[in-house]
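The primary structure of each chain is shown beneath.
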Amino acid sequence: MRELLLTWFRENGRDLPWRRTTDPYAILVSEVMLQQTQVERVIPRWHAWLQRWPTAAALAAATPADAIREWQGLGYNRRAVNLHRAARTVARHGWPDDLTELPGVGPYTADAVAAFAFGRSVLPVDVNVRRVQGRTGMTFDPECAQALMDLGATICLARVPRCGACPVAAACPSRGRRYEPLRRQSRFEGSFRQRRAATLRLVTERARPLADLDTDAVRSLHRDGLVSIAGETVALPG
């Protein structure tokens, strides 16, 4: 099964720009962007981010406000703050052995950077890797990481897998199965997330009087480090 998977990947693997580098900063940026955003949307934003801040030191020298503004449109803006904090940590102290010490970096992101940037023998297990391993009943080695990710993203889909196009279907005990839909995220329209996003968009344009804004949204954004409050004025963090 392993060889079938790797042969398929050599012919069908996605040509993603962050796969052409071993720069840990560039890979970290891609992984953070990909946490909640689709690949197609991430690619141009990843290029733009690296053009503006090509190194961790360059991002560290920027303000959190700069990072938040550049992040607009990707959603889940706290990722920008954490990425900026991580860059400052790296600029001051270098890359830690335990990458989960970096702000906003959990076990999967740490494993991905460790494997793809530092060449460590670890398998980063994201939702796609976990799905393929669970359905095949196989445990794959780190060399299969990107192949598993692509198989899960393009063939072994969450609800209706494309078993007819799967390179390992013949040996897969789950071949032909269909799956219940996953729990969907709550609607954005009319949600508190929408209120937060609208409030942050206003503050991104310019500092605003607190009285002119959604107070609950401001408090929530402030807790996440996305805005600062000075007296009765709300602004992006300096």
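Scope of this entry: the structure provided in the associated data block. A quick note: this is a predicted structure, and the numbers were derived from the prediction, not measured.

The subject of this paragraph is the overall build of the protein. Looking only at helices and strands, the protein features eleven helices and three strands. Secondary structure elements in the protein, listed N-terminal to C-terminal, are α-α-α-α-α-α-α-α-α-α-β-α-β-β. In terms of its C-alpha atoms, the protein occupies a principal-axis envelope of roughly 65 × 40 × 25 Å. Here the protein displays about 12,700 Å² of accessible surface, and carbon together with sulfur accounts for 50% of that area. Looking at the protein, you have 34 positive and 24 negative side-chain charges, and the mean spots of the two groups are 6 Å apart.

In this structure, Thr 37 sits in the loop between helix H2 (24–34) and helix H3 (39–52). Within the structure, the side chain of Thr 37 is placed 3.3 Å from the backbone oxygen of Met 33, a separation counted as a polar contact. A distance of 3.0 Å separates a polar atom in the side chain of Thr 37 from a polar atom in the side chain of Arg 79. With sequence-adjacent residues up to four places away left out, Thr 37 is seen in contact with Val 42, Leu 74 and Arg 79.

Inspection of the secondary structure puts Asp 150 in helix H9 (residues 145–154). With a relative accessible area of 0%, Asp 150 lands in the buried category. If near-sequence neighbours (up to four positions away) are discounted, Asp 150 is found in contact with Trp 8, Phe 9, Gly 13, Arg 14, Arg 19 and Ile 155.

The subject of this paragraph is the nonpolar core. Counting 55 residues, the largest nonpolar core has Leu 5 and Trp 49 as its most contacted members. Top element by residues in this core is H2. It accounts for seven residues. Excluding residues that lie within four positions of it along the chain, Trp 49 makes contacts with Tyr 25, Val 29, Met 33, Leu 59, Ala 67, Glu 70, Trp 71 and Leu 83. Formed by 13 residues, the second largest nonpolar core is a distinct cluster that contains Ala 65, Ile 68, Val 81 and Leu 226.

Here the focus is the state of the cysteines. All chains considered together, the criterion is met by zero disulfides. As a non-bridged cysteine, Cys 156 has Cys 166 as the owner of its nearest cysteine sulfur, 6.4 Å distant. Here Cys 166 stays free of any disulfide, with the sulfur of Cys 172 as its closest cysteine sulfur at 6.4 Å. A relative accessible area of 18% means that Cys 166 is categorised as buried.

Packing of H2 against helix H6 (residues 78–93) leaves a shortest axis separation of 10 Å and a crossing angle of 160°. Our classification of the angle between H2 and H6 gives roughly antiparallel. Seen along the crossing, H2 lies across H6 with a hand that is right-handed. Contacts between H2 and H6 involve Leu 28, Val 29, Val 32, Met 33 and Leu 34 on the former and, on the latter, Arg 79, Leu 83 and Ala 86. Tallied by class, the residues present in the contact of H2 with H6 amount to seven nonpolar, no polar and one charged.

A few words now on H9. Most of H9 is tucked away, with seven of its ten residues classed as buried. Residues of H9 that are buried: Ala 145, Ala 147, Leu 148, Met 149, Asp 150, Leu 151 and Gly 152. Residues of H9 that are buried make contact with helix H1 (2–12), helix H7 (107–116) and helix H8 (127–136).

What follows is about the packing of aromatic side chains. As enumerated under the stated definition, the model contains four aromatic pairs in all. Ring geometry for Trp 18 versus Trp 46: centroids 5.6 Å apart, planes at 75°, classification edge-to-face. Here Trp 46 lies in helix H3 and Trp 18 lies in the loop between H1 and H2, a separation of 28 residues in the sequence. When the centroid spacing of 5.6 Å and the interplanar angle of 90° are considered together, the rings of Trp 49 and Trp 71 count as edge-to-face. You can see Trp 49 sitting in helix H3 and its partner Trp 71 sitting in helix H5 (residues 64–71), a full 22 residues away along the chain. Relative accessible area serves as the criterion here: at 1%, Trp 49 is assigned to the buried category. Grouping aromatic residues by their ring pairs yields a cluster made of Trp 49, Trp 53 and Trp 71. Sitting over the face of the ring of Tyr 179, Arg 135 holds its NZ or CZ atom 3.8 Å from the ring centroid.

What counts and what doesn't
- Residues numbered from 1 in each chain as written.
- Predicted model: local features only at pLDDT ≥ 70, side-chain atom pairs only at ≥ 80, totals over all residues.
- Heavy atoms only, no water.
- Helix = DSSP H or I, 4+ residues; strand = E, 2+ residues; numbered from the N terminus.
- Areas by Shrake-Rupley, 256 points an atom, 1.4 Å probe, with all protein chains shown as cover.
- Lys, Arg positive; Asp, Glu negative; His and termini not counted.
- Charge placed at Lys NZ, Arg CZ, Asp CG, Glu CD.
- Polar contact = N/O pair within 3.5 Å; in protein donor to acceptor, adjacent residues only side chain to side chain.
- Contact = heavy atoms within 4.5 Å.
- Buried < 20%, exposed > 50% of the residue type's maximum accessible area, 1.4 Å probe, protein only.
- Core = buried A, V, L, I, M, F, W, Y, C linked by side-chain atoms within 4.5 Å.
- Disulfide = S-S within 2.5 Å.
- Axes fitted to C-alpha atoms, helices over the stretch in contact; angles between N-to-C directions.
- Parallel < 35°, antiparallel > 145°, perpendicular 65-115°, else oblique.
- Left-handed = near helix turned anticlockwise from the far one by under 90°.
- Nonpolar A, V, L, I, M, F, W, Y, C, P; charged D, E, K, R; others polar.
- Phe/Tyr/Trp six-rings, centres within 6.5 Å; stacked < 30°, edge-to-face > 60°.
- Lys NZ or Arg CZ within 6 Å of the ring centre and 35° of its normal.

Everything listed here is a matter of coordinates, which is why it stays silent on function.
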